[in-house]
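Tertiary structure, described
Residue strings, one per chain:
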Amino acid sequence: MEAWPITFKISCLGFPSYHSVALESERTLEMNIIATFIDLIMTGTNIWGWEGQNVLHHKRGMMSPYLIKNLTGYPLKVLEESEDKFRKGKEYLVEDGKRIPWQFKDWKLMRESVMSPTQSKLRIVLDGARWEAVSGISVVRESDEVYPLRPSLDEVTHCLLCDVAIQDTVNEVTFWSTFQVQNNTSLPIEMCVVDDAGSIICQPYNIVPGSLFSVPIEAAYHQRIKIWPDHQFSHRNFYNRDC
C-alpha cells in the first residue's frame, strides 16, 4: 500500500449527545494485491471458519506447517538450506517409513526477520547410500519434482521423487523412489525384494487396499519384486516381476 495521508475527525453533537466519526483524505488509496496475499486471506478464512476452535486450543508455535515423510528405503538426513554460508541449520534424521513435523524457522525469528526473503528450501542426504546430497528442494507449493542422484552407479542415474501435497493447510512432503506398487484390489497384499536367484533379501512389506508402496531406490533398478496375497489366505503362488 502506498503512503496515504488520512484525517480522522471525531465530534460530539446534539442533545442527548452522540458521536460522529469522519474519515477524510485528499488522495486516492492505492493498493497492490498479489496472489500470495489472496491465498493468505483464503487460508486464514478456512482456518478460523472450519478449524478455529482447534487452533485456539494449541499454543502459539506448536503447529508445524510441514510434514516430511521418508519412503525412499534409506534413512534420510534433512536440513534447511540457507544462503548464509556461516549459518548451518540443525540436521534431522528421518528413518525409512517414518515422518516428522517440520518448520523452517522458529515463529519468533520469522517475526523478527519478516522483511528478509525466505527461500524455504531443503537439503537432503540419503544416509548410507553412495549418492551426494540433493540441494535446492522447494516445498512451498504443491508439486511433483524428480531429482537425479549423483554420481551414477554402474552407469545408471537413479532418481528421487519429491511430492508436495497440501492437506488441511499442512504441506505434506514425501520423498520416495520413482517405482511404486499400488494396491487397487480389495485384499491386502505382500511384496518383497528378491535377488537374481529369487532369494528374499528383505522383510516382506504389507500393502493394504488403496495404498501404495515405494520400492527402495537402488533396488527398483537392480533387483526384482515378488507379490502375493496376504499370508492369512495361505496363497503362495508368487507374482515375480523384474523392476
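Points about the packing of aromatic side chains
Per the stated rule, a full pass over the model turns up three aromatic pairs. On the basis of an interplanar angle of 80° and a centroid distance of 5.8 Å, the ring pair of Tyr 74 and Trp 131 is categorised as edge-to-face. Placement of the pair is Tyr 74 in the loop between strand S3 (66-71) and strand S4 (76-81) and Trp 131 in the loop between strand S7 (121-126) and strand S8 (134-138), with a sequence separation of 57 residues. You'll find Tyr 74 and Trp 131 in the same group, each marked buried.

Considering the sheet that holds strand S11 (residues 170-176)
Pairing is mixed in the open sheet, where five strands are placed in the order S6-S3-S11-S10-S9. Each having just a single partner strand, strand S6 (99-102) and strand S9 (143-148) make up the two edges of the open sheet. Strand-to-strand twist across the sheet, computed as the mean angle between neighbouring axes with direction ignored, equals 20°. With six bridges connecting them, S9 and strand S10 (residues 159-167) associate as antiparallel partners. Bridging across to S10, Val 146 finds its partner in Leu 161.

A word on unusual backbone geometry
A cis amide bond links Arg 150 to the next residue, Pro 151, at an omega of 0°. Here Pro 151 lies in the loop between S9 and S10. Residue Asp 154 is not a glycine yet carries a positive backbone phi of 55°. Among the structural elements, Asp 154 can be located in the loop between S9 and S10. Accessibility expressed as a relative area gives 60% for Asp 154, which makes it exposed.

A look at the sheet that holds S8
Taken in spatial order, the four strands make up an open sheet running S5-S4-S7-S8, and their pairing is antiparallel. Because the sheet does not close on itself, it has two edges, and the strands there are strand S5 (92-94) and S8. For this sheet, the mean inter-axis angle between neighbouring strands, taken without regard to orientation, is 35°.

Some remarks on the pairing of S10
Across seven bridges, the pairing between S10 and S11 is antiparallel. Residue pairing for S11: Asp 163 is matched across the bridge by Thr 174. Linking S10 back to S11 in an antiparallel pair, the connection comprises two residues, with Asp 168 at a positive phi of about 55°.

Regarding a nonpolar patch on the surface
A surface patch of nonpolar side chains, about 770 Å² in accessible area, is lined by Leu 29, Met 31, Ile 33, Ile 34, Phe 37, Ile 38, Ile 41 and Met 42. Turning to its location among the elements, Ile 38 is positioned in helix H1 (residues 35-50).

What about the pattern of salt bridges?
Throughout the structure, instances matching the rule amount to four salt bridges. Lys 77 is paired through a salt bridge with Asp 127; the nearest N and O atoms lie 3.7 Å apart. One end of the pair, Lys 77, is in strand S4; the other, Asp 127, is in the loop between S7 and S8, with 50 residues separating them in the sequence. Of the residues examined, Asp 127 reaches a relative accessible area of 30% and is grouped as partly exposed. The shortest N-O distance in the salt bridge between Glu 218 and Arg 130 comes to 2.9 Å. In this pair, Glu 218 is assigned in the loop between strand S15 (212-214) and helix H4 (219-222) and Arg 130 in the loop between S7 and S8, connecting sequence segments 88 residues apart.

Observations concerning the confidence of the model for the protein chain
Overall, the predicted model of the protein chain reaches an average pLDDT of 81, with 79% of residues at or above 70. Of all the helices and strands in the protein chain, helix H3 (residues 107-112) carries the lowest mean pLDDT, 49, while S5 carries the highest, 95.

Conventions and cut-offs
Residues numbered from 1 in each chain as written. Predicted model: local features only at pLDDT ≥ 70, side-chain atom pairs only at ≥ 80, totals over all residues. Heavy atoms only, no water. Phe/Tyr/Trp six-rings, centres within 6.5 Å; stacked < 30°, edge-to-face > 60°. Helix = DSSP H or I, 4+ residues; strand = E, 2+ residues; numbered from the N terminus. Buried < 20%, exposed > 50% of the residue type's maximum accessible area, 1.4 Å probe, protein only. Pairing = 2+ DSSP bridges. Axes fitted to C-alpha atoms, helices over the stretch in contact; angles between N-to-C directions. Patch = residues over 30% accessible without salt bridge, like charges linked within 9 Å, V, L, I, M, F, W, Y side chains within 5 Å. Areas by Shrake-Rupley, 256 points an atom, 1.4 Å probe, with all protein chains shown as cover. Salt bridge = Lys/Arg side-chain N within 4 Å of Asp/Glu carboxyl O. pLDDT = per-residue confidence, 0-100.

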